[in-house]
Amino acid sequence: MAQVEVRGISKHFGEVRAVDHVDIATAEGEFLVLLGPSGCGKTTLLRMIAGIETPTSGDILIGGQVVNNLPPRARKIAMVFQSYALYPHMTVFRNIAFPLKAQGFPREEIPTKVEWAASTFGIEKLLHRKPRELSGGERQRVALARAVVREPSVFLLDEPLSNLDAKLRTSARDELQQFQRRIGTTTIYVTHDQVEAMGLGDRIVVMKGGKVRQIGTPQEVYNEPSDTFVAGFLGSPPMNLLEREDYIAGFRPEKFLPVSVYDTGEPLVKLWLVVHRVEHLGADRLLYGIMRDTFPNEKVIVNIPSTVDLKIKTGEAQEFAVKEKDIKFFDRSTGLRIEPRRFWGTR
Ligand code: ATP
């Protein structure tokens, strides 16, 4: 395993600044997730680390060494893409063995290596099959086994689970995380799915427009977003953002609950909410409402676990509250986090 670092890295395609002065350093053995909307530069950054895209400027270091001029092969990295092309005419065994053969690994040692990689992903019984005889999830595991067989120092994954259905994705995510913990290879994982990022990452790098907006643990980026973009991108439904004259106040949908729920001495901010619609999602209930007594049409979403037994009447104003400490403040013009302000609830 090795530490990966990018220093002041940029990539311009003509006018497009796909990656714009990015500084990131992983810890050794860390699972780092690059998260952001489509087009924010995640894949370009990963491709530069892999060595298949040349940076416009900046340095890439692997294990403390600048690798800018090293070809992909010499970087000791393995990359798995969304379209994990397996060789259709080869068996699973030969697919996994391929990178070993290509690098001239001793022939007699290949079967042991392949079996190790296959058993890591629980596909040792499928070694004789061809890719077309496998399910999507099994093919995914073959691609991952093929990537780890050379025991890379760094693992680069670009949305590797996006071809799987929702259920399989959850189990593949779990498998991938267990595997990564077991072998401890530094991993950089690209996704636009915040649930995946929160579930997998030791830390998350939130990107937008080629720039890093925040780097932190899942709890940090969720609970202490550095700007309104991060606040809105993480969490579903996202943070409620209420605009005031010179600031924006934000609170999470699950932190805004009927006053009766609180039996705490902590300071609360109370607001009247008229609920218009209730959505039952199984484990949760989402309430869509409008703030009475504040600026007109200020829409708010509330998330109440179904286990909380509460009668919610639609069309009537009810008093809700949020703990003062759960309100985050942002500058209205820059969107950046600012020191807490005095926030008036009801007039
Ligand atoms: P997605 O999640 O959709 O894959 P991404 O965050 O991985 O998006 P990139 O693929 O890194 O984004 O692209 C970043 C920006 O650079 C986009 O605006 C894209 O159009 C542009 N771009 C990427 N590759 C090229 C290229 N070869 N030539 C020109 N522009 C490119």
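Residues numbered from 1 in each chain as written. Predicted model: local features only at pLDDT ≥ 70, side-chain atom pairs only at ≥ 80, totals over all residues. Heavy atoms only, no water.

Colleague: Any chance you could explain the packing of aromatic side chains here in plain terms?
Modeller: Two measures describe an aromatic ring pair: the distance that separates the ring centres and the angle between the ring planes. Counted according to the given criterion, the structure contains eight aromatic pairs. Note on Phe-121 and Phe-179: the rings are 4.5 Å apart at their centroids and 40° apart in plane angle, and the pair reads as tilted. One end of the pair, Phe-121, is in the loop between α3 (110-120) and α4 (136-148); the other, Phe-179, is in helix α5 (residues 166-183), and 58 residues separate them in sequence. Grouping residues by exposure puts Phe-121 and Phe-179 together as buried. Judged by centre distance (5.4 Å) and plane angle (40°), the ring pair of Phe-256 and Phe-320 falls under tilted. With Phe-256 in the loop between β12 (247-251) and β13 (257-258) and Phe-320 in strand β17 (residues 317-323), the pair connects residues that are 64 residues apart, well separated along the chain. The class of Phe-256 is buried, set by a relative accessible area of 0%. (Phe/Tyr/Trp six-rings, centres within 6.5 Å; stacked < 30°, edge-to-face > 60°. Helix = DSSP H or I, 4+ residues; strand = E, 2+ residues; numbered from the N terminus. Buried < 20%, exposed > 50% of the residue type's maximum accessible area, 1.4 Å probe, protein only.)

Colleague: How should I be thinking about the domain arrangement of the chain in this particular structure?
Modeller: When the parts come together, some accessible area is lost, and that loss is often what is quoted as the size of the interface. Each domain of the chain was delimited in the assignment, giving domain 1 (4-223) and domain 2 (237-331). Taking only C-alpha atoms, the centre of domain 1 and the centre of domain 2 are 39 Å apart. (Domains from an automatic or database assignment.)

Colleague: Explanation requested: the pairing of strand β1 (residues 4-13) in the structure shown.
Modeller: For a regular strand, side-chain orientation follows a simple rule: the groups alternate between the two sheet faces. Judged from the five bridges that link them, β1 and strand β4 (residues 57-62) form a sheet pairing that is antiparallel. Its bridge partner being in β4, Arg-7 is matched across the sheet by Asp-59. One ladder, built from six bridges, connects β1 with strand β2 (residues 16-25); its direction is antiparallel. Note that in β2 the partner of Lys-11 across the bridge is Val-19. In sequence, β1 turns back onto β2 through a hairpin of two residues, with Gly-14 there showing a positive phi of about 60°. (Pairing = 2+ DSSP bridges.)

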